[in-house]
Amino acid sequence: MELFTPEFGLVFWMFVAFLCLYFILAKWAWPFIIKSMEERADMIDKGVAYAQEAKMHLDNAKTEADKLIAEARNKQNEMLRDAERMRNQLIDDAKGEAAVEAKKVTEAAQISLEQARKEAEKQLRTEVGDLALQIAEKVIRKNIASDDAQRKLVDQYLSEIEAKN
Amino acid sequence: MKSKIIIAIVALVIVALMGWGYYSTAQHRAHGHASELNPKETIFEHLGDAYGWEVPFNHSARIPLPIIVWGQDGLHCFMSNRITDGQTYDGFKISTSEEHHGKVVQVMEDGTEVRPWDFSITKNVAGIIIAALLVIWMVMSLKRWYARSGMKAPRGTKGFLELVVDFVYGDTIRPILGKHAPKYAPYLLTAFFFILTMNLLGLIVIFPGGANLTGNIAVTLVLALLTFLITTFSGTREYWKEIFWPEVPMALKCPVPMMQLIEVLGMFTKPLALMVRLFANMMSGHMVVLVLVLLIFIFTNLFGVGVGIGTSIFSVAFTLFMLLLDVLVSFIQAYVFTILSTIFISMALVEPHHHEAEPQQEN
C-alpha cells in the first residue's frame, strides 16, 4: 500500500516546484508565445487571403486582356474588309469614269472624223467635178457651145455616180 | 545492409551485457554477497522513491542527495550517503521496520522509530526539479525564438514544440474555454509540458531519468489538487447554483438533498479521477516493463542460464514494445490530463442558460 499513500515531503516539493514553474512561465513565456503564435497565424491568414485576391485579380486581368485582344482582332478584320471594299469601289469607279471618258473621246473623234470626211468628200467632189469639166472641156471644146448646159450635165452625171456609190 | 549492421550491433551489445551481468553476479556470489532475488521488493523499490540516485551498472554506488528533516530536536541537513548503507547518522537512519520501510526515521532513546517531517530532496524531488528546469529551458528557448525571429516559423525541435503548443492551446484550450482561454492557458500549458516531461523522463532508465514521477501518487495528487482549486475558485454563480439547487424535480432535492449530495461528490470525484488516471497509467507501464525484465532473472533462477537467455530475447522484445507504447501513453496521458482540466474549468465557468428567454425569441 506504500504506493498509494502520498509522501508529505514529495507533495510539498511538487507543489513548490509546480508553483515556481507556473509563475516563471506564466509571467515570461506563455502569454508571449501565445501572442506571437496568434499574430503569426493572423499574418498567414491575411497573406493567404491577399494571395487569393491577387490571383483572382490576375485571372480577371487575363480574361479581360483576352477579351480586348479578341475585340481588337475583330476591329482589325473589319477595317481590313472596309479597306478592301473601298479599294474595289475606287477601282470600279475609276474604271467607270475612264470608260465614260474614253467613250466621249471616241465619240468626239468620230464626229470630227465624219466632218473631215464630209468636207473631204465635198472638196473631192468639187475638185473631181472641176477636173472632169476641164477634161470634158478639153475633150469636147469644140463640140459644146454653151458652158453652162454642159456643166449641168456633168453635175447630173456626177450625182448619178454618187447615188450609185 | 545498414539495418543488418544495426541489428548485429544491438545483438552484440545485448549478448555482451548479458555476459557481463552473468560475470558480475558470479563475482558477487564468490564474494559471499549472495542475495535471494525478491521480485516484489525489486519492483516496489524501482517504482517508489529513494534517498540517493542509482547509477548504471552498479548496485552499491549512488549519487548522494540532501536529506532535510525536521525531527524532535529541530532541523537536520546531511547528505544521503551517510545513511543509505544502513548506518545511523545524527540519530537518523533508513528504517527497515514494517511501518516506515525505506523512509528516514529518527531513533529515539528508547529505541522506537519516529518519522520526522521529511523535506528531503529524494530521487523523485530531484527528478521533479530536473523536469521543471527542462521545461523552463524548452519553453524559454521557444520564447527566445519568437523574441528574436519574430514572424519566421521555427524549425527542428522548436518547430515540434510549437506544434505541440498549438495543438494543446489552439485546438484544445481555446475552442473549449473561448474568451477565458488566455487566463487559464498558462496553467494548462504548464501542466501539460510538466507532465509530459516527467512522463518521458520516467522512461529513460539512467540518471537524469528513471524516477517514476507521474507514477507516484503524491505528484498526481498535487496536479489534481491544483485543477480542483482552480475549478472551485473560478466557479460562477450558475456553477454553485447547479450544485446546490439544480433544475430537477423538487422531490430529488428537497427535503432529502439527493442531487446536492451527488453534485458535491462529483466536485471531488472529477479531480480524484484525474489523479488516479495519470498515476495508474504511468505506474502500470513501469510495472509491466519491470516484470518483463525480472522474468529473465526469475527463469534463470528456476531453470538455468539457457532458459534465461531464451527468455531474455522474448523479454527484451516485449520491453522495447512496452517502452514505445509508454512513449505514446506519455503524450496521451499528459494530453488527457490537460483536456479534462480544461473541460472541468469550462464547466465551472458556466453561464445561465436562459431557458425562458429562448421561446420568446422564436416568436
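Calculation criteria
Residue indices follow the written sequence of each chain, beginning from 1 at its first position. Here every chain gets a letter starting at A, and every ligand a number starting at 1, in the order they are written. For a predicted model such as this one, the threshold for reporting local features is a pLDDT of at least 70, and the threshold for listing and counting side-chain atom pairs is 80 or more; totals across whole chains, interfaces and linings nevertheless cover every residue. Hydrogen atoms and water are omitted, and side-chain values are computed over all heavy atoms in the structure. Helical segments are the DSSP runs of H or I of at least four residues, strand segments are the runs of E of at least two, and each set is numbered from the N terminus. Put simply, the radius of gyration uses C-alpha atoms, and a globule should come to 2.2 Å times the residue count raised to 0.38. To sort residues, take the accessible area from a 1.4 Å probe on protein chains only and compare it with the maximum for the residue type: under 20% means buried, over 50% means exposed, and anything in between is partly exposed. Two strands pair under a simple rule: DSSP has to find at least two bridges between them. Positive residues here are Lys and Arg, negative ones are Asp and Glu, while His and the chain termini are left out of the count. Whenever Lys or Arg places a side-chain nitrogen within 4 Å of a carboxyl oxygen from Asp or Glu, that contact is recorded as a salt bridge. Whether two residues are in contact is decided by their heavy atoms, any of which lying within 4.5 Å being enough. On a range of 0 to 100, pLDDT expresses the predictor's confidence in each residue. Where each domain begins and ends is defined by an automated method or by a domain database. Fitted lines through C-alpha atoms serve as axes, helices being fitted only where they are in contact, and the angles separating the N-to-C directions of these axes extend from 0 to 180 degrees. Each angle gets one of four labels, with under 35 degrees taken as roughly parallel, over 145 as roughly antiparallel, 65 to 115 as roughly perpendicular, and the rest as oblique. For any pair of crossing helices, the crossing counts as left-handed if the nearer helix is rotated counterclockwise from the farther one by less than a right angle, and right-handed if it is rotated clockwise. Summed over both partners, buried area is the accessible surface (1.4 Å probe) that two parts give up on being assembled. Throughout this description, a polar contact denotes any pair of N or O atoms lying within 3.5 Å of each other; where both atoms belong to protein, one of them has to be capable of donating a hydrogen while the other can accept it, and for residues adjacent in sequence the pair is counted only when both atoms sit in side chains. Residue polarity is assigned by list, with Asp, Glu, Lys and Arg as charged and Ala, Val, Leu, Ile, Met, Phe, Trp, Tyr, Cys and Pro as nonpolar; anything else, Gly included, falls into the polar class.

Once that is clear, we can look at the overall build of chain A. Regarding its fold elements, chain A presents three helices and zero strands. Taken over C-alpha atoms, the radius of gyration comes to 63 Å for chain A, far larger than the 15 Å a tight globule of 165 residues would show. With the principal axes as the frame, chain A shows a C-alpha extent of 195 × 30 × 15 Å. Here chain A holds 165 residues, and 14% of them are scored as buried.

Moving on: the sheet that holds strand 3 (residues 66-71) of chain B. All names here are of chain B. Spatially, 4-3-8 is the arrangement adopted by the three strands of the open sheet, whose pairing is antiparallel. Strands at the two margins of the open sheet, each flanked by one partner only, are strand 4 (74-79) and strand 8 (117-118). Relative to strand 4, strand 3 runs antiparallel, the two sharing six bridges. Bridge pairing in strand 4 places Trp-70 opposite Leu-75.

All names here are of chain B. Looking at where Glu-238 falls in the secondary structure, it is placed in helix 7 (residues 237-244). In this structure Glu-238 is buried but unpaired, with Lys-241 as the nearest side chain of opposite charge at 4.5 Å. When sequence neighbours within four positions are dropped, the list of residues in contact with Glu-238 reads Val-350, Glu-351, Pro-352 and His-353.

Glancing now at the confidence of the model for chain A. On average, chain A scores 88 in pLDDT, and the residues at 70 or more come to 95%. Looking over chain A, one finds the lowest element-wise mean pLDDT in helix 3 (residues 147-164) of chain A, namely 80, and the highest in helix 1 (residues 8-28) of chain A, namely 93.

Along its sequence, chain B is carved into domain 1 (1-35), domain 2 (66-118) and domain 3 (123-348). The distance between the C-alpha centroids of domain 1 of chain B and domain 2 of chain B comes to 37 Å.

Its identity is not glycine, yet Asp-90 of chain B carries a phi of approximately 60°, on the positive side. For Asp-90 of chain B, the location among the structural elements is in the loop between strand 4 and strand 5 (92-94).

Residues and elements named next belong to chain A. As a packed pair, helix 2 (residues 30-140) and helix 3 sit with axes 10 Å apart at the nearest point and diverge in direction by 130°. With respect to their mutual orientation, helix 2 and helix 3 come out oblique. Here the hand of the crossing between helix 2 and helix 3 comes out right-handed. Here helix 2 contributes Arg-125, Val-128, Gly-129, Asp-130, Ala-132, Leu-133, Glu-137 and Ile-140 to the contact with helix 3, which in turn contributes Asp-147, Gln-150, Arg-151, Val-154, Leu-158, Ser-159 and Glu-162.

Moving on, we come to the interface of chain A and chain B. Listed by partner, the interface residues are 34 residues for chain A and 53 residues for chain B. Between chain A and chain B, a total of about 4000 Å² is buried, with carbon and sulfur atoms accounting for 82% of that surface. The largest share of the area that chain A buries against chain B comes from Leu-3, Trp-30 and Arg-40 of chain A, three residues that together contribute 19% of it. For the interface between chain A and chain B, the tally reads four salt bridges. Our enumeration of links across chain A and chain B arrives at seven residue pairs in polar contact (both at pLDDT 80 or more). Of all the elements in the fold, those that place two or more residues in the side of chain A that touches chain B are helix 1 and helix 2 of chain A. Tallying contributions element by element places helix 1 of chain A first for the side of chain A that touches chain B, with 17 residues. Considered class by class, the residues forming the side of chain A that touches chain B number 26 nonpolar, three polar and five charged.

This part is about the environment of Ile-332 of chain B. Residue and element names in this part refer to chain B. Locating Ile-332 in the fold gives a position in helix 10 (residues 305-348). By relative accessible area, Ile-332 is classed as partly exposed at 40%. Ile-332 sits 247 residues away from Asp-85 along the chain, and the two C-alpha atoms are 39 Å apart.

Okay, the pattern of salt bridges next. Counted under the stated rule, the structure contains 15 salt bridges over all chains. Several salt bridges share partner residues, and in doing so they unite Glu-7 of chain A together with Lys-103, Arg-115 and Asp-118 of chain B into one network.

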